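Examining the three-dimensional arrangement
Listed below are the residues making up each chain.
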Amino acid sequence: MSHYLTDQQIASLVEAIQSAEDHSTGEIRVHIDSTTENNNAETAYEVFNELCKDKTAEKNAVLFHINFEKKYLTIIGDTGIHAKVHQSYWDHLHDFITSEFAKGNYHKALKSAILETGLELKKHFPVTGENHNELPNEITFS
């Protein structure tokens, strides 16, 4: 798993994802990468394409791709959500997370960001009927 997060904290993040998705059709994924040495951005987009891209009806999936060892974070929103919130939203979220990571607050930063993203997804993609979980909530690792 990850020596930056305990098993209990990882379970807590999965619960945060479930909670964040409760009132929105949007989907949130978290991927923790400990194998990429270079080209973290390229790897993040590959992971996004594999886990998220075009896998939701409204193209409203969000990926948090983290490489703790390399101090690298990428947040990618599919075209539907990105069109609603624009780059400034992702920049703000990225700055918050990296600031908390610098203090060693890995769990707090990710949980807060997941829940904030859920509120933003709810604002733009509220549930109007059945809310099918289009993507798994578990955290993935490489």
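Provided above is the structure to which this section pertains.
The paragraphs below set out a description of the structure included in this document. Not measured: the values here are computed from a predicted model. (Residues numbered from 1 in each chain as written. Predicted model: local features only at pLDDT ≥ 70, side-chain atom pairs only at ≥ 80, totals over all residues. Heavy atoms only, no water.)

Counted under the stated rule, the structure contains 6 aromatic pairs. When the ring of tyrosine 4 is compared with that of phenylalanine 68, the centres are 4.6 Å apart and the planes differ by 20°; the resulting orientation is stacked. Of this pair, tyrosine 4 sits in the segment before helix H1 (7-21) while phenylalanine 68 sits in the loop between strand E2 (61-67) and strand E3 (72-77), placing them 64 residues apart in sequence. The interplanar angle of 55° and the centroid separation of 5.3 Å between the aromatic rings of phenylalanine 101 and tyrosine 106 together place this pair among those described as tilted. (Phe/Tyr/Trp six-rings, centres within 6.5 Å; stacked < 30°, edge-to-face > 60°. Helix = DSSP H or I, 4+ residues; strand = E, 2+ residues; numbered from the N terminus.)

Bringing the packing of H1 against helix H4 (residues 106-124) into the picture now. A pair of packed helices is captured by two measures, namely the crossing angle of their axes and the spacing between those axes. Put simply, H1 and H4 touch, their axes get as near as 8 Å, and they point 10° apart. By the angle between their directions, the pair H1 and H4 is classed as roughly parallel. Between H1 and H4, the residues in contact are Gln9, Ser12, Leu13, Ala16, Ile17, Ser19 and Ala20 and His107, Leu110, Lys111, Ile114, Leu115 and Gly118, respectively. Looking at side-chain class alone, the contact of H1 with H4 contains 7 nonpolar, 5 polar and 1 charged residues. (Axes fitted to C-alpha atoms, helices over the stretch in contact; angles between N-to-C directions. Parallel < 35°, antiparallel > 145°, perpendicular 65-115°, else oblique. Contact = heavy atoms within 4.5 Å. Nonpolar A, V, L, I, M, F, W, Y, C, P; charged D, E, K, R; others polar.)

Before going further, it helps to examine the pairing of E3. Regular strands place side chains that alternate from one sheet face to the opposite one. Among the 6 residues that make up E3, 5 are buried, leaving the element largely enclosed by the rest of the structure. Looking at chain direction, E2 and E3 are connected through 6 bridges and run antiparallel. Bridge pairing in E3 links isoleucine 66 to leucine 73. (Buried < 20%, exposed > 50% of the residue type's maximum accessible area, 1.4 Å probe, protein only. Pairing = 2+ DSSP bridges.)

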